[in-house]
Amino acid sequence: MKLAIDQKVLINALERGAMAALSDEAQGDTSSFHKLIQSVKITAGKTNFIVESGTSLLATKWSIDSTKENGIDVKEEGTVLVPAKELMGWASKQNKAKIVLSLTKLKVPELLKTGEGATDYGSSQATSVKKIGTLKMISRDESKTGNKWNLDCYDPSQQSSVDFSKAPDKVIQITSTQLSEALKNVAFSSQSKDYEHIFDSIVVERYDGKVYLAASDCHRCSIYCLDQATEIDEKFFTQTESKGQSVTYGQKILIPSVFLKNVSKIAEGPEVSISYDKENNKVYLDVDNWKIRLATVDSNLFNKFPTVSLLMGKKYNKLGSIPKGILTNRLISASLVNKAMVLFSFSKDAKGDSVIIHAISESGHAPNVSNAPVNHLVKDVKAVWGVQHIMDVAKVVKDDDVNFMVPDDLRSVKVVSNEDPNLQYYSMVIDNPKYAHFFEEN
Amino acid sequence: MSDMPSPVLILGDTKLGKDTVVKAKKKYNSYYWETVSATKQSCDEIRMTAGFQQFGYSKKVVLITEIPNRKQVRDFLADLLQSTSDKLKFVVWDSEGQIKIDPKKGINKTWQSWINELKKQDGFVLVNNGGDFAENDSADSIKYVQKLFEKRKRKIDNVSARIFVDLVGKNRSMLASEVVKLCLTSPETLTPNFILDNTFPSSKEAVLYKFGNDLDKDYPTAIASLENFKNIGINANVLAQIIVNKSRWHLIIFHLYSQGLDWTSIRNEILGMGKFPSCVWHNDQLPAPQKKNLSVNLNDVDNLRTFMTRKLGIPENYLEIEPPKTKTVSKAVKRGEVIPLPFMADMMINYARDYVVKHNKSKLNNDELRPKMLERAIRVYLTCSDNLKQVRYSFEDQSECLNEMVKVWTNPYA
């Protein structure tokens, strides 16, 4: 294989095609196959230039026409399998250079022993990676000077490619800008790590005819309406229905949050298509010429993620709004005493509606009290809410005021945005006997 | 499914504690489980976790781990656990082993009074997985092992259970995990041989037991075992030393035998061998349990001085006991060679009586038997001891030396 490629094009291709090989899962692999898992397969054909990599959780494939207009000049067709991190690291330093990649094959392939891997349990499992040659990398920039380096090239047939043509039919199509916007608004609500991979996933669910993206850590939930979604497969996305006591759960898809966030950051195509392989628990994303396969939890566990209809089906009434800057300032002060939870006492007053924020701690700090003005307060309400939960949503909403809504039972609080009506945020109240005397005052 | 008890306090062995938590999570999987650390998270954060309502789950369990040894946290937890309800359950797990359990004294006073406070609540359950067994505590560890096997419908007698405990060590989680592994392949009744062949050795004496047991059988078994231990990486020096130790103990047995002692007396003598103080262990008039108690007392210098002067009548000016120069006590106190456990003494006696003497009885008359046996034991010891030197200082013929040692040891004839 021999080709000349623009540095920018190569980086672009590696960011997408080598995403799996560069992921933490691949880079932390200690098995006998780690050299292969951490490698990216590059195929230079006369018509196509393909970059692909894969792990059990994530597989990615990026393809582009190999034309000079696209910055690719294939002089000799072929395939190489080279360490992704090293290639990416080197290529990212060759600013605006033209890069030449050429494979020099060994006469006899060399077997690299990888039996020292932590998961190698004996000769029956011992594997060896076949080195077939060296990938010579030469860069040359506008000054006609550059850098040379070599990387080991392994046998590409040792790494099987994912056949994306077998992906099931798409069930929904979203504009990549809205996906990115939605993720910005919801992803902060998910847990960073859940060993069951339920609450560190983003859910796609249909409710009342619309499709929503939601994230939750079980105590709070951010929901974003994908109103620009098209080609929704309504047969697939059945809706949750309750008849008396029995509930029939609708179909939803759980997608690992960390991978989806990475994809949305660099997705350039106009649309992202999502399809779901229920038998193999895989989600496929198709972003123009970039194909992604993500592993998801077993569909039987999907309903461990609470359905959005639980929240959206509940009636919330307007409570009032607090100027965002003042609210954030008061919460920062209160968190000096108790960074977990504070009591919000909304009260109507002839002089002006306000909220008093009480922070009481178990650690022996003196209680902290602050107040803030409330616009259009509807009624007096007292509730204990999580400090971080309110501060997080205040960061996300674009409005000048944070608009609160509460249900009749006051078991949760809803925050809505006038600037972006697609966003809804819910947080549960906290039972804390330390604040009980405030409630008794009533 | 029965309702979950709460609050639950899990203490003792960490590995068994983890198993208990995993089992509880499986059993009460209709609850939403949240884990908090009492060390890394503040009391406010723990209170928040307990007080939070959650979406989609009506019932919750708060698992509190890493309890620090701090009064403030103890008081906080005692208060928090009172908020137990049908929908909110608590499991407190001493995952860092802060609550030390002394094998003799039990739990210390501070923690015990905290536990007593928790006990006042209805529904409180204490899961005490216990700590390690004391070195001299055989009865409890044997019972513990027998119970574990019984749970898995296996029978094990006291002798086999004791060998098992000796091989694995007196650590609860090691014993529990080894029982589970052994039960995968074990027959309904476990024999000493099965234990010796299949138990993974973890204590330092385990190789000695296993290899020693094989040596006492016959030449082919002994050679096969020798090869096996060499293959799994046991150093030739270690194996040679085991054979020499055995031949030395064997020599002592036949020395006593040649003096006309019966097998029971020989067993008691070799068990007393090397034990301090000799004036107690070799006193024929003291019964065995009294010897043990007395020797424990006499390990103290003042007690020993009193004993020597008042009981044995040695004048005080004959004794020159220097006080230690520094407060540091050397760990490497040189002591006489002892047979580690009674089980080993039984093995040695059985070999001498049922293998060596039995083979020679028909060929030698009663007068010849005892001196000839001593001669054989001397020959075996000297050969083994010479070969040990070869093994230590020459690397070329180690295998040959070991084979020679095994050959002379397994040849019973005088």
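Note that the structure is predicted; figures quoted are calculated from it, not measured.

As a further point, take the environment of Asn299 of chain B. Among the structural elements, Asn299 of chain B can be located in the loop between helix H14 (288–298) and helix H15 (301–311). Spatially, the C-alpha atom of Asn299 of chain B lies 62 Å from that of Gln54 of chain B, the residues being 245 residues apart in sequence.

A few words now on the domain arrangement of chain A. Interfaces are often sized by the amount of accessible area the parts lose when they come together. Domain annotation of chain A identifies domain 1 (2–162), domain 2 (169–312) and domain 3 (317–440). Just the C-alpha atoms count here: the centres of domain 1 of chain A and domain 3 of chain A sit 52 Å apart.

Attention now moves to helix H5 (residues 139–151) of chain B. Residue and element names in this part refer to chain B. Spanning 13 residues, H5 covers 18 Å between terminal C-alpha atoms, matching the ideal 18 Å at 1.5 Å per step. Buried within H5 we find Ser141, Ile142, Val145, Leu148 and Phe149. Considered in projection along H5, the buried side chains sweep an arc of 125° and stay on one side of the axis. Summarising the geometry of H5, the exposed residues directed more than 90 degrees from the buried face are Ala139, Lys143, Lys147, Glu150 and Lys151. Contact partners of the buried residues in H5: strand E8 (155–156), helix H6 (158–168), helix H7 (172–183) and strand E9 (189–190). Looking at the residues trailing H5, positive phi occurs at Lys153, about 60°.

We now examine the sheet that holds strand E4 (residues 88–93) of chain B. Residues and elements named next belong to chain B. Strands sit in the order E2-E3-E4-E1-E7 across an open sheet of 5 strands; the sheet is parallel. In this open sheet, the two strands that pair with only one neighbour each are strand E2 (32–37) and strand E7 (125–128). Sheet twist, expressed as the mean angle between neighbouring strand axes with direction ignored, is 15°. Across 6 bridges, E2 lies against strand E3 (residues 60–65) in parallel orientation. In the sheet register, Trp33 faces E3, and the bridge partner there is Val61. Here helix H1 (residues 14–27) sits on the sheet in contact with strand E1 (8–11), E2, E3, E4 and E7, set at roughly 160° to E4.

It is worth spelling out the sheet that holds strand E21 (residues 341–347) of chain A at this point. Residues and elements named next belong to chain A. Across the sheet, which stays open at both edges, the 4 strands sit in the order E23-E22-E21-E24 with antiparallel pairing between neighbours. With partners counted over all chains shown, the strands left at the sheet margins are strand E23 (368–373) and strand E24 (381–386), one partner each. The mean angle between the axes of side-by-side strands here comes to 25°, regardless of whether they run parallel or antiparallel. Pairing analysis gives 5 bridges linking E21 to strand E22 (residues 354–359), with the strands arranged antiparallel.

Attention now goes to the nonpolar core. Judged by nonpolar contacts, the single largest core of 129 residues is most densely connected at Tyr212 and Trp385 of chain A. Excluding residues within four positions of it along the chain, Tyr212 of chain A makes contact with Glu205, Tyr207, Ile223, Tyr224, Cys225, Leu226 and Val308 of chain A. Counting 37 residues, the second-largest nonpolar core is a separate cluster that includes Leu239, Val356, Leu402 and Trp409 of chain B.

What follows covers unusual backbone geometry. Each neighbour pair has its own omega, and for Ser6 of chain B with Pro7 of chain B the value is -5°, a cis peptide bond. With a phi close to 85°, Cys218 of chain A is a non-glycine residue in the positive phi region. Positionally, Cys218 of chain A belongs in the loop between strand E12 (210–216) and strand E13 (220–225). For Cys218 of chain A, a count of 23 C-beta atoms within 10 Å translates into the label buried. For Lys153 of chain B, which is not glycine, the phi dihedral falls at a positive 60°.

Here we take up the interface of chain B and chain A. With 15 residues of chain B at the interface, the matching set in chain A holds 20 residues. Per-element tally for the side of chain B that touches chain A: the top contributor is helix H2 (residues 43–51) of chain B, with 6 residues. A per-class count over the side of chain B that touches chain A returns 6 nonpolar, 6 polar and 3 charged.

Attention now moves to the domain arrangement of chain B. As far as domains go, chain B holds domain 1 (8–128), domain 2 (139–203) and domain 3 (236–314 + 336–410). Spacing between the C-alpha centres of domain 1 of chain B and domain 2 of chain B amounts to 31 Å.

Moving on to the environment of Ile314 of chain B. Residues and elements named next belong to chain B. For Ile314, the position within the fold is in the loop between H15 and helix H16 (342–361). Residues Ile314 and Asp79 lie 235 residues apart in sequence; the distance between their C-alpha atoms is 63 Å. Apart from residues lying up to four places away in sequence, Ile314 is in contact with Met308, Thr309 and Leu319.

Rules and cut-offs
Residues numbered from 1 in each chain as written. Chains lettered and ligands numbered in written order. Predicted model: local features only at pLDDT ≥ 70, side-chain atom pairs only at ≥ 80, totals over all residues. Helix = DSSP H or I, 4+ residues; strand = E, 2+ residues; numbered from the N terminus. Domains from an automatic or database assignment. Expected span 1.5 Å × (residues − 1). Buried ≥ 20, exposed ≤ 12 C-beta atoms within 10 Å, placed from the backbone. Arc of directions from axis to C-beta. Contact = placed C-beta atoms within 7 Å. Pairing = 2+ DSSP bridges. Axes fitted to C-alpha atoms, helices over the stretch in contact; angles between N-to-C directions. Core = buried A, V, L, I, M, F, W, Y, C linked by C-beta atoms within 7 Å. Nonpolar A, V, L, I, M, F, W, Y, C, P; charged D, E, K, R; others polar.

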